[in-house]
Each structure stands twice: as structure tokens, then as C-alpha cells.
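Examination of the molecular architecture
Below, each chain spelled out in residue letters.
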Amino acid sequence: MFTHMRIARPVSQLERSVLMFSQGLVLQKIAEFHDHDGFNGVMLGRKDLDWHLEFTCCPGHPVQPSPTEDDLLVLYYPDENAWKQACETMIDAGFKRTNSFNPYWDMNGKTFVDPDGYRVVMQNRAWG
């Protein structure tokens, strides 16, 4: 059994991604590194979560992010008011609203995309 999950993603503009995801998902910077074998990175999370996001870039060998329309980070908000607020926060942070590739996610949720093409689904349901 694992104790924590890290979701790592290469990004085209580290500062932009950190700002958008920290504001949009209400996350804080929990760690960062500079020139670690040529890579820079920032980890975003919160103490109450068993997961965090890591964004990386390698200035010497940039990797173009290449998520598909069905690569998703899905977050569940059972309370409708909290869900609506979370969706507004995503827009305020600079995410664009988009239709999901899989129509299932549009039935009870909204999908948002960042400039690198990473998608986040805010689902108005309880998990499980």
C-alpha cells in the first residue's frame, strides 16, 4: 500500500503552470528544486491531501507536453455550492472551459484545460 501519490507533468512554462494550478486548485508550494540534473520543478499540494502535483521543465532539453483529450485529473466535489465555487476558481485562475472528449464527464462535471493541454474535471459527485 502506498502512502502518498505524486502526479508529475512536464510543462512548457513552469511559472505559469505553478500559478494556474496553485490558484485554480487552491494548492500551496510544498517543495521545489533548481538545476537538479538539468531539471527545475515545483510540487504543489496541501497537508490534508494524500497526493500532490509536480511540474517540471528541462531548459536544456525542453519536452513539449503532449496530453491527449482523455488524459484527466478528476476531482470530486459532492457539495454543489463548493463545486460551483471550485469551477469559478478554475476560470479565475486562467483555465479554459471545454467539453470533455468522453461525454460521461459532462453529465455531472465541468472540464477545464490549461495552455499545455492538461485537463482537469471538476465532478459534482461523491467518490464511491
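Starting from 1, residues in each chain are numbered consecutively following that chain's sequence as written. Predicted model: local features are reported for residues with pLDDT of at least 70 only, side-chain atom pairs are reported and counted for 80 or more only, and whole-chain, interface and lining totals are derived from all residues. Heavy atoms from the whole structure form the basis of all side-chain values; hydrogens and water molecules are not counted.

1. Concerning the pattern of salt bridges
The rule for a salt bridge is simple: a side-chain nitrogen of Lys or Arg has to be within 4 Å of a carboxyl oxygen of Asp or Glu. Scanning the entire structure with this criterion turns up 6 salt bridges. Here glutamate 54 ties to arginine 6 by a salt bridge, and the two come within 3.6 Å at their closest N and O atoms. One end of the pair, glutamate 54, is in strand E4 (residues 51-57); the other, arginine 6, is in strand E1 (residues 5-10), with 48 residues separating them in the sequence. Taking relative accessible area as the criterion, glutamate 54 reaches 8% and is therefore assigned buried. Partly exposed residues are those whose accessible area sits between 20% and 50% of the maximum for their type, while under 20% is buried and over 50% is exposed, using a 1.4 Å probe and protein chains only. A residue is classified by how much of its surface remains accessible, and arginine 6, at 46% relative accessible area, is partly exposed. We note a salt bridge from glutamate 69 to arginine 119, for which the minimum N-O separation is 3.9 Å. Think of it this way: any DSSP run of H or I at least four residues long counts as a helix, any run of E at least two long counts as a strand, and we number them from the N terminus.

2. Regarding the side chain of histidine 52
Structurally, the position occupied by histidine 52 is in strand E4. Accessibility expressed as a relative area gives 6% for histidine 52, which makes it buried.

3. What about the packing of aromatic side chains?
Think of a pair of aromatic rings as described by two things: how far the centres are apart, and how the planes are tilted against each other in angle. Two aromatic rings from Phe, Tyr or Trp, using only the six-membered ring of Trp, form a pair when their centres are within 6.5 Å; if the ring planes differ by under 30 degrees the pair is stacked, by over 60 it is edge-to-face, and anything between is tilted. All chains considered together, the criterion is met by 4 aromatic pairs. For the ring pair phenylalanine 21 and phenylalanine 55, a centre distance of 4.8 Å and an interplane angle of 45 degrees mean the geometry is tilted. With a gap of 34 residues between them, phenylalanine 21 in helix H1 (residues 14-24) and phenylalanine 55 in strand E4 connect regions that are remote in the sequence. Given a relative accessible area of 0%, phenylalanine 21 falls into the buried group. With relative accessibility at 0%, the residue phenylalanine 55 sits in the buried group. Each ring, one from tyrosine 76 and one from tryptophan 127, has its centre 5.4 Å from the other, and the planes form 55 degrees; the classification is tilted.

4. Considering unusual backbone geometry
One can expect most non-glycine residues to show negative phi and most peptide bonds to be in trans. Phi angles above zero are rare outside glycine, and valine 26 is one such case at about 55 degrees. Relative to the helices and strands, valine 26 is located in the loop between H1 and strand E2 (28-36). The phi torsion at aspartate 37 lies on the positive side, around 55 degrees, for a residue other than glycine. In this fold, aspartate 37 is placed in the loop between E2 and strand E3 (39-45).

5. Quick notes on the sheet that holds strand E6 (residues 96-98)
Sheets are built from strands paired through backbone hydrogen bonds, the pairs being either parallel or antiparallel. Strand order in the open sheet formed by 4 strands is E5-E8-E7-E6, with mixed pairing between adjacent strands. Since the sheet does not close on itself, it has two edges, and those belong to strand E5 (72-76) and E6, each with one partner. Strand-to-strand twist across the sheet, computed as the mean angle between neighbouring axes with direction ignored, equals 30 degrees. Where E5 lies against strand E8 (residues 119-123), 5 bridges are found, and the strand directions are parallel. Should DSSP find at least two bridges between two strands, the strands are regarded as paired. For helices, the axis comes from a line fit to the C-alpha atoms of the stretch in contact; other axes are also lines fit to C-alpha atoms, and the angle between any two N-to-C directions lies between 0 and 180 degrees.

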